[in-house]
Amino acid sequence: MCETCGCHDSSTPRIVGTPTQYSSPPYMSFDQDRFYSVGHTSAPEVRSGKKDLLIERNILEHNQVFAERNRDFFLSKNIFALNLVSSPGSGKTALIEALVKYLNHPAGVFVVEGDQQSTLDAERIEKLNVPVVQINTGSTCHLDADIVGDALRKLNPTDNSLVIIENVGNLMCPSLFDLGETLRIVLLSTAEGDDKPLKYPFMFNSAQACMISKIDLLPYTGFDITVAINNLRLVNPHIIVFELSSRTGEGMVQFVGWLEEHLQSKQ
């Protein structure tokens, strides 16, 4: 999938759905040195020693250059950018659809969709008359700041707008790659285990907010919200937690109100 996790192949991400296609070479909101000191160095060392660790660090440093460019772009246009991350199927696209319905943002919403293949999610967003660009990453398991920068140039979001980036469904590599976003939001659906934050701590540590999604399914799952929130707090004591269902709308008013406060603070 990618050089960072050791399963890279020759495929490159591309923006699809238009005559022009882009290819690019290959974040953390928490401290990178801390990340390398908390056990992650052991995996590269086991694979083939210090060389792999050096390659990994170089890839992240390369990405950070483009992330800062994206951040400067957002700041220059007063754009608020969300990076939605989660495992596959936890409801990122449905959350975007609900946000478009509930959020009244005069400057508009623009969407970057990331998937390994297909334009299915972009087609869902297009039906809402929302500008969207689809990125297909092939076998790469995350978006990086370089290809997102290409997508932003094509999307051309207006000043003061909201840009939503839906990352590839994966709780591992996307935690490492800063895209220049304003906020990172991780989704944890009730169809998953309430122990996910303990299994994938770097992702939940790197996010500022967590959506416990699909709460309409609680009667049919063994998911314990109290346990999940306790596990989230163990990994990230400062994370903000919302419980919602994009399908029924439960909890959306609270989340949208919080988001609108952030948007207004940028004006």
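See the structure above.
Residues numbered from 1 in each chain as written. Predicted model: local features only at pLDDT ≥ 70, side-chain atom pairs only at ≥ 80, totals over all residues. Heavy atoms only, no water.

(A) Local environment of the overall build of the protein chain. Regarding its fold elements, the protein chain presents ten helices and eight strands. A total of about 11800 Å² of accessible surface is found on the protein chain, and carbon and sulfur atoms cover 53% of it. (Helix = DSSP H or I, 4+ residues; strand = E, 2+ residues; numbered from the N terminus. Areas by Shrake-Rupley, 256 points an atom, 1.4 Å probe, with all protein chains shown as cover.)

(B) Region of interest: the pairing of strand E6 (residues 183–189). Of all the seven residues making up E6, seven are buried; the element is thus mostly covered by neighbouring parts of the structure. Both faces of E6 are covered, namely the face carrying Leu183, Ile185, Leu187 and Ser189 and the face carrying Arg184, Val186 and Leu188. Here strand E2 (residues 80–85) runs beside E6; their pairing, made up of four bridges, is parallel. Its bridge partner lying in E6, leucine 84 is registered against isoleucine 185. Where E6 lies against strand E7 (residues 209–213), five bridges are found, and the strand directions are parallel. Bridge pairing in E7 places isoleucine 185 opposite alanine 209. (Buried < 20%, exposed > 50% of the residue type's maximum accessible area, 1.4 Å probe, protein only. Pairing = 2+ DSSP bridges.)

(C) Quick peek at the layout of surface pockets. Its volume calculated, the largest pocket comes out at about 340 Å³. Elements represented by at least two residues in the lining of the largest pocket include exactly helix H4 (92–102), strand E3 (109–115) and helix H5 (120–126). When residues of the lining of the largest pocket are assigned to their parent elements, the largest contribution, three residues, is made by H4. The class makeup of the residues in the lining of the largest pocket is four nonpolar, ten polar and eight charged. (1 Å grid on protein atoms, 1.4 Å probe; cavity = no way out; pocket = protein on both sides within 12 Å on 5 of 7 lines; lining within 4 Å. Points joined across faces, edges and corners; volume = space filled by probe spheres on them. Nonpolar A, V, L, I, M, F, W, Y, C, P; charged D, E, K, R; others polar.)

(D) Expanded view of the nonpolar core. Leu95, Leu162, Ile164, Ile185, Met211, Phe255 and Leu259 are the most contacted members of the largest nonpolar core, which totals 29 residues. Every element with two or more residues in this core is listed here: E2, H4, E3, H5, strand E5 (162–166), E6, E7 and helix H10 (252–266). Here this core gets six residues from one element, more than from any other, and that element is H10. Excluding residues within four positions of it along the chain, isoleucine 185 makes contact with Leu82, Asn83, Leu84, Val85, Ala209, Met211, Phe255 and Trp258. If you look at the next biggest cluster of nonpolar residues, it comprises 18 residues, including Ala81, Val133, Ile135 and Ile147. (Core = buried A, V, L, I, M, F, W, Y, C linked by side-chain atoms within 4.5 Å. Contact = heavy atoms within 4.5 Å.)

(E) How the structure looks around the pattern of salt bridges. Taken as a whole, this structure holds nine salt bridges when the rule is applied. With its nearest N and O atoms 2.4 Å apart, the salt bridge here joins arginine 153 to aspartate 150. Of this pair, arginine 153 and aspartate 150 both sit in helix H6 (residues 145–155), three residues apart, which is roughly one turn of the helix. By relative accessible area, arginine 153 is classed as exposed at 58%. (Salt bridge = Lys/Arg side-chain N within 4 Å of Asp/Glu carboxyl O.)

(F) Broad picture of H6. Most of H6 is tucked away, with nine of its eleven residues classed as buried. Of all the residues in H6, the buried ones are Ala145, Asp146, Ile147, Val148, Gly149, Asp150, Ala151, Leu152 and Leu155. The opening residue of H6, the one whose side-chain oxygen lies 3.1 Å from the backbone nitrogen of aspartate 146, is aspartate 144. Asparagine 156 occupies a position one or two residues after H6 and carries a positive phi of about 50°. (Polar contact = N/O pair within 3.5 Å; in protein donor to acceptor, adjacent residues only side chain to side chain.)

(G) Spatial organisation of the packing of aromatic side chains. A complete count under the given rule lists four aromatic pairs for this structure. Taken together, a centroid distance of 5.4 Å and an interplanar angle of 65° make the contact between phenylalanine 242 and phenylalanine 255 edge-to-face. Placement of phenylalanine 242 in strand E8 (residues 240–243) and of phenylalanine 255 in helix H10 is noted, with a sequence separation of 13 residues between them. Residue phenylalanine 242 is classed as buried on the basis of its relative accessible area, which comes to 11%. (Phe/Tyr/Trp six-rings, centres within 6.5 Å; stacked < 30°, edge-to-face > 60°.)

(H) Focus on the environment of glutamate 97. On the secondary structure map, glutamate 97 appears in helix H4. The sequence separation of glutamate 97 and valine 130 amounts to 33 residues, and the corresponding C-alpha distance is 9.7 Å. Ignoring anything within four residues of it in the chain, the contact list for glutamate 97 reads Arg124, Ile125 and Leu128.

(I) Just unusual backbone geometry, in detail. We note that serine 118 has phi near 80°; this positive angle belongs to a residue other than glycine. Within the element layout of this structure, serine 118 appears in the loop between E3 and H5. On the accessibility criterion, serine 118 (31% relative accessible area) is partly exposed. In this structure, asparagine 156 takes a positive phi of about 50° despite not being glycine. Looking at the secondary structure, you find asparagine 156 in the loop between H6 and E5. Since its relative accessible area comes to 53%, asparagine 156 is described here as exposed.

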